[in-house]
Every structure is written in structure tokens, then in C-alpha cells.
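Coordinates in review
The chain contents come next:
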Amino acid sequence: MHETRSTTRPRPPLRARTGLAAIAAIGVAGSALMSAPAALAAEPVDVVVGTSTDGRAYDGVGAVSGGGATSRLLLDYPAAERDEILDYLFRPGYGASLEMLKVEIAGDSNTTDGSESSHMHTADVVDCDAGYEWWLMEEAVERNPDINLGGLAWAAPGWIQDAGGYYSEASIRYFLEWLGCADQHGLTIDNMGVRNERHYEIDWIIDFRAALDAAGYEDVRIIASDEAAVKGEWPIAVDMAANPELFDAVDLLGNHYSTGPSSANAQALGKPLWISEGGPWSAEWGAGGAPKAVPSLINNAYLRGKITGVQFWNLLTAYYDGLSISDAGLMRSNTPWSGAYQVQSAIWTVAHTTQFVEPGWIHVDGASRFLVGTDPLQGSMVTRRAPDSGDWSTVIERIGTTESQTVRIEVADGLTAGDLHVWQSTEDSWFVQQPDLVPAGDGSYEVTVPADSVVTVTTTTGQGKGDAVGQPESGFPFPYTDDLADGGPSGQTPYLSQMEGAYEIRDCEEREGTCLTQVSPQPAISWAAWKQPTTIIGDLGWSDYRVGVDAYVPEGGTAQVLGRVSNDAMQPVPNGYGASLSSDGTWSIGRGELGGKAWVELASGTVDAGAGWHELAISFDEDRIVAEVDGEQVGEVRDSTWTSGMAGLSGDYSRLQFADLAIEPLAPIMELDDADATTTGGGWVQCGDARGACGGLTPPAIRQARDGTVHASRTAGDVLELSFEGTQAALTSFTSPRGGTLEVSVDGNAPVALSLRAGGQVGEHVWRTPVLADGAHTLRIEVTSTDRGDRGWVAIDGLDVVPPNGGPSSIDDQVEGVGLYRWDYQGDWLSCPGCINRTQLFHSSVMSSGVPGDTATLRFVGTSVDLYGLRASNQGVAEVRVDGELVGTADFRGNPRLGNQLIWESAALEPGAHELTLTAVEGGGTINVDRAVVHP
């Protein structure tokens, strides 16, 4: 079985869009036409911006790093791209311009998408360099010295349990040591939470306040209680009202996932109220709809609850696809091997507030309101003013609406008037400055806000829109090797993401050098723990491969190597397989049970191998799974529960060590030379050593090429194609000062733009396809250079191809495109990547639609196809067509609720190209796609 999953993030699901005309120039004094609306929602809304209706002080908008390991892969980006990402998050006047950053106080345990290394794995050792949140806070402060920093624990190391439990003197000492580490890093922490989304103890909070004061941290504020409201009430507010000592101890009230409302008790306390974790779990435009969508939530928080600070979970999607709640960050950066990142709309909808106001500004209650009555679904506006000048800004959001709305603004009480600046975002155009508003004869201003948009009207200047662009998407390197001797800037080996426990670099036992070492000695006080320490790496699409590693097994310990790992990280055991070896010579092959609750042993035995270093390996060939110890096969099973996924390392809580990781295909890589290509266009030349300088390359550079030749062109429109059979390909070309540009595509899917221009000497350039279906493919290169003179050369060397295995291939629902082996969704489909509903979805994701006429089409080459989906009582029936002919229906109805269920299978088809189409029908209910299996 082979699974294909694009490493290039597919476009967001198609949504019904509101057609908006282009921005028109100002034609009438006192008004700006932001679009050409067909109709207005209602009479104009009139507001007065002044000082007579002052409200609460604004505290800021920020985000959460952690809960858990959500920023992990950011550390492994090339330095240039890493800095660009950080600029988009924190640099004032460039991107989101975040004013708050809350980080996880790491506890060596999974807290949603992995674990982070604690500063105290044991009670007697403090390591202020463990983990990467220190680095992240330093980078944030470097860009914005005024950023508000906070810390919160989800889990805690197990020694605290032994010393009295989470709410004990031990945990207070633990948190004071964390603050001491912050001091060492030159960081000023503004606030600390109690514990994420768990019960709190009043006496402990009071004791913690006293301990902070005694240790010189009087300025560190306690925020409580970081949990959701209970029947509309904030429990901590009730307890604070009844307990004066608790009232004095708690400085901020933090609530999770409110859509705006607080409670009368919370507001009556007179202390700042925050949504200390919230958001729609998506950075796409309008995700969640009003009032959950990013700009709606910021406005609604104040209008509905007098909430003055909002922190989004999470900061950025820098964790592997397939883990819990994928794509929940403000932007996406989880392919550091490629240097690619995506600046999504959430960055700019946050900027509509953060680039126009500052913490400490005052809310103007008289100019903050819902646009239609008290309905949060019809849009809102919030105005804030500077406390020490006449500046002010108004943010107006109309997310999800279908009609425009005019707002008339009068400025009073000596606040700044004159020409007003306007910035606008729509679904298709983000954070664009518009023509200024000029006052009408009576001094008022009128702005017409488009449907489904965000507009900021301001007296301030200095806003900006960053223009940095990441590198092109490229597949995870395969084959992959790492000696595991370098922890890199994250303190962990690059690309390894720990799910439980703590994997750090330490001196090797019984060999020279340093090794990856599991340093957490016991289970943690957990939040969503896995049953044993684990770290993962790679691509969800890997199916048939071998993963091997040198493992040091101490006396009494057990080491494990994992493969085909693909699961919701909130489960206690991985979806996938493992081969383990204990110090007494016991080996086993096992797998995660469906649902992720237990580990199932499939085979076991003993070998003559004691404590010490051993080579441990597991390999997959369709349903054949083989375990090896020290180069010898010790076990073999047949099992098809898990068909693809990542590699990993695991074991018990002993001090395991790992070195020399190798993830490899089952057969040697195949090489295709440029001479194997077919070309179209008159500009191609084949460069060889005998030609001298050619294609922008010198003879020594050409001699570096395979077989000593390259194909080169600098003529736009020239095409080169390489056909191959396999499951992934790496394109090799050359960069040079005379290099040009090209677009590369596979099987008719969307092209990726590449540049081969680079200063300095000639170098090799490698671009990898995503993991592909097992079979025949065509890689197409089109020259796009428009350079004049002897420049713009595209010099192609050849392909390295992962060989085919000849089995069926799974096409995951998240793999989108218009060519072969991709799902082509048309209509109003909803995507749920990293779903945490624990229904055994394939790779934790599903696409669904209940809109009649919506279609999902898969184009493939094969002899049959199977459809897998989510079967549940609330699902429906779809029409099924093959090659345009109606062949039946797919019935998704049933109990119990389970994903990855065989819903429909085709009859035998003639070998060749085919097209499968699902159509939602009137009265048919909701249909979905989990994956398809194509048989060669």
C-alpha cells in the first residue's frame, strides 16, 4: 500500500464568495466608496468619537506558543526565512505586530501537538537552556521591546508529583526557578498562569502570590484561571468575590474560548479580563464565522464582555501535518527543509487592530457597537483612542455578511480630525491602504464598508505590509540520514518533534561523541500524555520503507523504533508500528490499536543481546512488517491496519540514547539523466564538457553533472519533460549568477515556481516532489526566464526517483489539485485537518459538504478505486460517477461513528486513466471524503 499526501499545502476549500467591485477613487468630499455594493444592509450607522464615553484600557492582542510544541519546526528553518517569519509575527508595522506572547512552561509531556523540554527534568538540576521558548521570547523582544510576556504550565515533571503534587510548595519553587531562568535570558515576565484548563486551588494561588513577592517578583501578575466558562460564569470570579485574599492575589482574569461574553461577576471585580486562549483554530479568511473569526472575536470580546486582551491559540502552525488541530496558527511554517512558509489572512486581520493602536489606549464606548442592533453576525465596530494625544482608530468588521454598510463618524472633544487614513481587507485582498477620507462640510466622515470585509479608519501613520516571501515548497528529504549528534538551535535534533518525554543531546555512553538522549526519568503530571517517551520525524505519505537506528539500551531499559506513525497527538499511543528491544534480549513487533488507546503486540521473541548499543530497524513492504536487531531479521508479521506515516524513536523512561538514524526506500534510488528527457521549444541545448562554457555553466561545473551533461534553455515557454515510475522524485539543477526561472509540475497539477539565480559560484539545486501515488508520472519543466543577454539559464541535470513497489495507493482527503491523484473539490466543502474527534479518521482529517451540487473528483490511472469515509448517523448519500457515467451511490450513514470506513468500491476498470466523482444531492445530507485507494 502506498499513500500520497502533498507536502505543498493545498488551497483552502472553495467557499461561496461575494463579488466585490474594485476600489473606486474618491469622488465626493467626505466619503470613500470601498467597493461597489449592490445594496446597503440598513440605514447608515452614526457614531461620535470623543472622550466623554471612555471605557476600559486596551491590553493587547497576542498569541500562544505551546500547548504543545506548536512552534517546534520554526527553529529548524534556514536563518533568513526564520527571521522573516518572526518579523511577520512580532515586528511592529510589518505584519501581525503582536503585543502579547504567552509561552508554555514546558513539562516534558504532550500538551496537544507534542511535548516541550522542561527546565527541571529532576528536582535537583535547573537547566535554563532547555527548550526553545526562551529563544522565541528573546526574538519577540528583539523586534518589540514592549511586548507583554506570559507563562503558563499545562503539565509538569513527575518529580513534582512525588514532592506533593501540582499544587504544592514544590511547584511554587519550580515556577520561581523558571522566572530565574527568564532573568538569565534578560526577559521580563509580566504574568504567570496557574494551570491550563484544569482545576485550581485557592490556597495555592494565595501562597504563590506571597512567594512571588518574597522572591522579588512583585511586578509579575497572576492570571487565573485559564479555563472555559461554566454556564456563562467565570468560576474564578465567583471565588475572588467571596475571598479577599484571592482577590488581592489575582491580577488578571483569563478565560478560554469565549466568543465575547464574560460575566457580571467578572466585570464587577474591576480587574482586566482576557481571552487568554481563543480563536477559530484556522488562519483562513472568515474561518469560524462571526463572532469566532479573528477580527470578529477581537471586537466582540470588548463589546460583549469588556474583555481587553485576546490571545490566539496558536502562534503559528510549526508542527507536522496530521497532528491535532492542524493549521490552527496565525500563519503556516512547518516545512523547514524547504524554507517555505505561508502568510495567511489571520496575520492581516490581526494587524487591523495591532498596527493602529497600542496597549494602554482607551476604548471609546460611544463609538463601539454592533452595526445592526445587538446582532454579532451583522458586523461590529470598536474605537480606541490614545490617552495622551488626539489619535484614535476604529476597526469595523463585516465578516460573513452579504451586504455593505455605511458608517458616519463625527469627531468630538478635541480629538484629531483632518484627513483620515483607511485600510481594508477582503477575502481576496488583504491589508491594502485606501484613499484617505476627507471631512464633509459639517465635519463628519462617511465610509462604506464592503460585505465580508475588515476596515480600519485611523488618524495614525506608520503602518506597513511586509513583502518577504518564503522558498518554494519541497518534499521532505528522502532517503534521510542523521547521526543525531547535533541538537541544533532547538536543543533537539532538527526535524525531530518530541511527543512525550524530552530528547536532548548528551555525551554518548560507551562511544565517542554526543547522542540523542531521552532525559525525562519518569512520567509527568500529564495533560494529554502518551504512554511512553516518543519523538517523530518525516512525511505522512511514507509507506514502504525501512527505518534503522543505533540504540543504546541501558540495564532494565527498552528502546523502540517506529514507522507508519500518523495520528491525533491527543491519543495515548501512536497509530503505527514499532519494533522494540529490551536489555534482556526480548524483542517485539507491535502496533497502536484503532482509536489510539492501547498498544497491541503482534510478535515477540528473544535474541542474544544485552544492555548496550544495538542496531534496531523496522521495515514495511505493503502488509509485511519486519524487525531487525544488529542486522539480522528477528521477526516478521502481516498486518494492514496502518498503511503509511512518519518514522519515530521511542522507549521507556530509562536513559535511552540514539545515533545514526537512517530512513530509506526498500530498493536503491533510480537515476534519470537529462538525456532521458523530451523537450519542446527551440532554445534547448545539451551542454557537455566538449562545448566549453554552456547554459551559464563553466566546464568544471558541467563535469559535476551526472554523465557530464545538462540540458539548458533561457527561452521562455520552452518545456522539458521527464517520465518516471516511482513514488517520489528529486529534480537536480544548477544555480549560478546567470541562472533563470522555471515552473515545475507533476501530473498536470499546479506548478511550483523556482529560481536558479544565485550569487557566487555555481551550485547544485534540488527540488523534491511530494510523495506520489505508486505508478507512472510526468514531471514538466517550463522555462519562465525573461532575462536579456547571457542570463536566465535553466540548466537541468536529471531526477533521482524512489522506486515503485507495485501496490495500491491511498489518496488522502487533504491532497488537492486538478491533475492526477489529487482531489478536486468544487463548491462549499469544509476541511477538518487534525480533527480531534477520535473517530479513527485516516491521518486525522476529513473533507465534507452538504450543499447539493458540490462535487469531489479524483483523476487516476488504475484498474479500480475504493472510497473510504466517515460513517455516522448524521451523514448522507452521494451520487457516484466513473468517467462521467452514474454508477451508483455512496452511503455514509451508520453507527457507530467511525472514520476510514470502506463506503464504496468500483467494479474492475480497464487499465488506464479514469475519473471518480462524488456529488452531493438534494435531500442527500452531508457527504465526506476520508481517502481513496487506487489499485494499479
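All residue numbers refer to position in the chain's written sequence, counted from 1. Reporting of local features is limited, given that this is a predicted model, to residues whose pLDDT is at least 70; pairs of side-chain atoms are given and counted only at 80 or more, and all residues count toward the totals for whole chains, interfaces and linings. Side-chain measures here rest on the full set of heavy atoms in the structure, leaving out hydrogens and waters.

In the nomenclature of an unreviewed UniProt entry, the protein chain corresponds to galactosylceramidase from the organism Agrococcus terreus.

Confidence scores per residue from the predictor, reported as pLDDT, run from 0 to 100. Looking at the protein chain as a whole, the pLDDT averages 93, with 95% of positions reaching at least 70. We call two residues in contact whenever any of their non-hydrogen atoms come within 4.5 Å of each other. Contacts of residues 5-40 to residues separated by more than four positions or lying in other chains number 102 contacts, the stretch itself having pLDDT below 50.

It is worth spelling out the packing of helix α9 (residues 294-305) against helix α10 (residues 345-354) at this point. Helix axes use the C-alpha atoms of the stretch in contact, all axes being lines fitted to C-alpha atoms, and the angles between their N-to-C directions lie in the range 0 to 180 degrees. Helix and strand definitions here come from DSSP, where helices need a minimum of 4 consecutive H or I residues and strands a minimum of 2 consecutive E residues; each element is numbered from the N-terminal end. Across the interface, α9 lies against α10 with an axial gap of 8 Å and an inter-helix angle of 30°. In terms of their interaxial angle, α9 and α10 are classed as roughly parallel. Here the hand of the crossing between α9 and α10 comes out right-handed. Where α9 approaches α10, its residues V294, P295 and I298 are matched on the opposing element by A346, T349, V350 and T353. Under the convention adopted here, Pro, Cys and the residues Ala, Val, Leu, Ile, Met, Phe, Trp and Tyr are nonpolar, Asp, Glu, Lys and Arg are charged, and Gly plus all remaining residues are polar. Tallied by class, the residues present in the contact of α9 with α10 amount to 5 nonpolar, 2 polar and no charged. Any angle that is under 35 degrees is reported as roughly parallel, and any over 145 degrees as roughly antiparallel; angles of 65 to 115 degrees are reported as roughly perpendicular and all others as oblique. It is the rotation of the near helix from the far one that decides the hand of a crossing: anticlockwise by less than a right angle makes it left-handed, clockwise makes it right-handed.

This part covers the pairing of strand β33 (residues 599-606). Here strand β32 (residues 586-592) pairs with β33 via 7 bridges, running antiparallel. Directly across from G592, in β33, lies its bridge partner W599. Two successive antiparallel strands, β32 and β33, enclose a turn made up of 6 residues, where G595 displays a positive phi of approximately 95°. Strand pairing requires that DSSP identify at least two bridges connecting the strands.

Hydrogen bonding along the main chain pairs the strands of a sheet, whether they run parallel or antiparallel. Pairing within the closed barrel is parallel, and its 8 strands lie in the order β5-β6-β7-β8-β9-β10-β11-β12. Strand-to-strand, the axes of this sheet are offset by a mean angle of 25°, without reference to chain direction. Summarising the sheet, strand β5 (residues 60-65) and strand β6 (residues 100-104) pair through 4 bridges and their orientation is parallel. Bridged to V64 within β6 is K102.

To continue, consider the pattern of salt bridges. Salt bridge criterion: a side-chain nitrogen from Lys or Arg within 4 Å of a carboxyl oxygen from Asp or Glu. Following the criterion strictly, the structure yields 35 salt bridges and no others. The partner of R546 in a salt bridge is E615, and the shortest N-O contact between them spans 3.3 Å. Taken together, the positions of R546 in strand β29 (residues 546-553) and E615 in strand β34 (residues 612-621) put the pair 69 residues apart, joining distant regions of the chain. Overall, R546 belongs to the buried group, its relative accessible area being 17%. Think of it in three bands: with a 1.4 Å probe and only protein chains considered, a residue is buried below 20% of the maximum accessible area for its type, exposed above 50%, and partly exposed in between. On the accessibility criterion, E615 (29% relative accessible area) is partly exposed.

The next point concerns helix α6 (residues 235-242). Because each turn of an α-helix spans 3.6 residues, side chains separated by three or four positions end up pointing in the same direction. Within α6, burial applies to I236, A237 and M240. Projected onto a plane normal to the axis of α6, the buried residues spread over an arc of 100° and lie on a single side. Turned more than 90 degrees away from the buried face of α6 sit A241 and A242, all of them exposed. Against the buried residues of α6 lie α5 (202-214), β9 (221-227), α7 (244-249), β10 (252-256) and α8 (264-268). Arc, as used here, means the arc of the directions from the helix axis to the C-beta atoms.

A pair of cysteine sulfur atoms is labelled a disulfide when the two atoms are within 2.5 Å. Enumeration according to the criterion identifies 4 disulfides in this entry. For C128, the disulfide goes to C181, at an S-S distance of 2.1 Å. Negative torsions about the S-S bond denote left-handed disulfides, and the value of about -70° found for C128 with C181 makes this one left-handed. With a gap of 53 residues between them, C128 in the loop between β6 and α2 (133-143) and C181 in helix α4 (residues 169-184) connect regions that are remote in the sequence.

This part takes up the packing of helix α1 (residues 79-90) against α2. Between α1 and α2, the least distance of the axes is 10 Å, while the angle of their chain directions is 65°. The two elements α1 and α2 meet at a crossing, and its hand is right-handed. For the pair α1 and α2, contact is made by R82, D83, L86, D87 and F90 and by W135, L136, E139, A140 and R143, respectively.

Let us look at a negative patch on the surface. For patch building, the residue pool is restricted to those with more than 30% relative accessible area and no salt bridge; the joining distance is 9 Å between like charges and 5 Å between nonpolar side chains (Val, Leu, Ile, Met, Phe, Trp, Tyr). For the area figures, the Shrake-Rupley method with a 1.4 Å probe applies, and any residue is considered shielded solely by the protein chains shown. Charge assignment in this entry is limited to Lys and Arg as positive and Asp and Glu as negative, and neither His nor the chain termini are counted. Taken as the charge location is NZ of Lys, CZ of Arg, CG of Asp or CD of Glu. A surface patch of negative charge is lined by E169, E201, D203, D207, E245 and D248. Counting residues per element, the ones that place at least two in the negative patch are α5 and α7. Note on placement: D203 falls in helix α5.

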